[in-house]
Amino acid sequence: MTRSRMGVAHSTDHGTPDPRFPQPQSPTPTRCQREPQLFDRDYGDCRKEEELAKARRACSGCPLVTDCLKWALVNEDLTRVGIFAGTTPHQRKQLRKRLIDRLGPDWIDVLADQDQARRERAAAARHTPLTVNQARIIRMDREVNGPMPTGRLLTPAAQQRNRDRLVHALSA
Ligand code: SF4
């Protein structure tokens, strides 16, 4: 089995984690660390539906769920079996296909670049106070488009819609 749970690298791992995507960490043990037997198994057998539902419920309440899903999608070799962020291996396979369709065959590089850009923006924002205009734009964006999505990719159409709403609000 090629597995690696959040913060726990198993000695049977065969793959190497992509260093651009740090494994999500929690200050307290996650449910999959406390009850690995519920997550680290093959759910191909439909008689295990109840336990699968239990694992999924645990993931839906986990603070790491978004980063966990990204980590599991990127590190395919380490997540060929079991439940990560409520997904089965088959579902992760489908999600990877969708990402290829949407972002291209180099989707992992695209995600890594996005993460890097986000980190750089956050670092720059920490060191550079916002101008009055920048603060106004951010405030307005939050008002018309809601909070920034975390870890969720926006489609180009959704990005365009957000831009249109913002431009409209700023020119009103
Ligand atoms: S989302 Fe699920 S699999 Fe991922 S760290 Fe949390 S409990 Fe574990």
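What you see is a predicted model, and the numbers here were worked out from it, not measured in a lab.

Student: Can you lay out the overall build of the protein for me, pointing to particular residues and giving the numbers?
Tutor: When you go through the protein residue by residue, the secondary structure sums to eight helices and two strands. When the helices and strands of the protein are listed from N to C terminus, the series reads β-β-α-α-α-α-α-α-α-α. Within the protein, the fraction of its 172 residues that count as buried is 30%. Considering only residue pairs separated by 6 or more positions, the protein has 59% of its internal contacts joining residues 24 or more positions apart. If you sum the accessible surface of the protein, you get close to 11,400 Å²; carbon and sulfur atoms cover 55% of it.

Student: Break down the nonpolar core for me, with residues and values.
Tutor: Within the largest apolar cluster, nine residues are counted, these being Cys32, Leu38, Phe39, Tyr43, Leu52, Ala55, Ala58, Cys59 and Ile83. Those elements giving two or more residues to this core turn out to be helix 2 (36-39) and helix 3 (49-60). If you look at the next biggest cluster of nonpolar residues, it comprises seven residues, including Leu73, Val74, Leu111 and Ala112.

Student: I'd like a rundown of the side chain of Thr88, residues and numbers included.
Tutor: Following the sequence through the fold, Thr88 ends up in the loop between helix 4 (65-74) and helix 5 (89-103). By relative accessible area, which is 14% here, Thr88 ends up buried. The residues touching Thr88, leaving out its near neighbours within four places in the chain, are Leu52, Arg56, Gly82 and Ile83.

Student: Got a sec to walk through unusual backbone geometry? Specific residues and values, please.
Tutor: One non-glycine residue, Ala85, adopts positive backbone phi at about 50 degrees. Here Ala85 is to be found in the loop between helix 4 and helix 5. Residue class for Ala85 comes out buried when judged on its relative accessible area of 14%.

Student: Give me the confidence of the model for the protein: which residues, what numbers.
Tutor: The pLDDT averaged across the protein works out to 86; a share of 88% of its residues lies at or above 70. Low pLDDT, under 50, characterises residues 8-13; the predicted model gives this stretch twelve contacts beyond four residues in sequence or across chains.

Student: Can you explain the pattern of salt bridges? Please cite residues and give values.
Tutor: Taken as a whole and judged by the stated rule, the model has nine salt bridges. Here Asp18 ties to Arg20 by a salt bridge, and the two come within 2.9 Å at their closest N and O atoms. Exposure remark for Asp18: the relative accessible area of 15% places this residue in the buried category. A single network of salt bridges, built from pairs that share partners, joins Glu76, Asp77, Arg80 and Arg96.

Student: Before we move on, could you go through the side chain of Thr30 and cite the residues and values that matter?
Tutor: If you trace the backbone, Thr30 turns up in the loop between strand 2 (8-9) and helix 1 (31-34). Residue Thr30 is classed as buried on the basis of its relative accessible area of 7%. Contacts of Thr30, omitting those with residues within four sequence positions, involve Cys62 and Leu64.

Student: I'd love a proper account of helix 7 (residues 132-145), names of residues and values included.
Tutor: Because an α-helix completes one turn every 3.6 residues, residues spaced three or four positions apart along the sequence face the same direction. The end-to-end C-alpha distance of helix 7 is 20 Å, a good match for the 20 Å that 14 residues give at a rise of 1.5 Å each. The first or second residue beyond helix 7 is Gly146, which carries a positive phi of 80 degrees.

So, how was this worked out
- Residues numbered from 1 in each chain as written.
- Predicted model: local features only at pLDDT ≥ 70, side-chain atom pairs only at ≥ 80, totals over all residues.
- Heavy atoms only, no water.
- Helix = DSSP H or I, 4+ residues; strand = E, 2+ residues; numbered from the N terminus.
- Buried < 20%, exposed > 50% of the residue type's maximum accessible area, 1.4 Å probe, protein only.
- Contact = heavy atoms within 4.5 Å.
- Areas by Shrake-Rupley, 256 points an atom, 1.4 Å probe, with all protein chains shown as cover.
- Core = buried A, V, L, I, M, F, W, Y, C linked by side-chain atoms within 4.5 Å.
- pLDDT = per-residue confidence, 0-100.
- Salt bridge = Lys/Arg side-chain N within 4 Å of Asp/Glu carboxyl O.
- Expected span 1.5 Å × (residues − 1).

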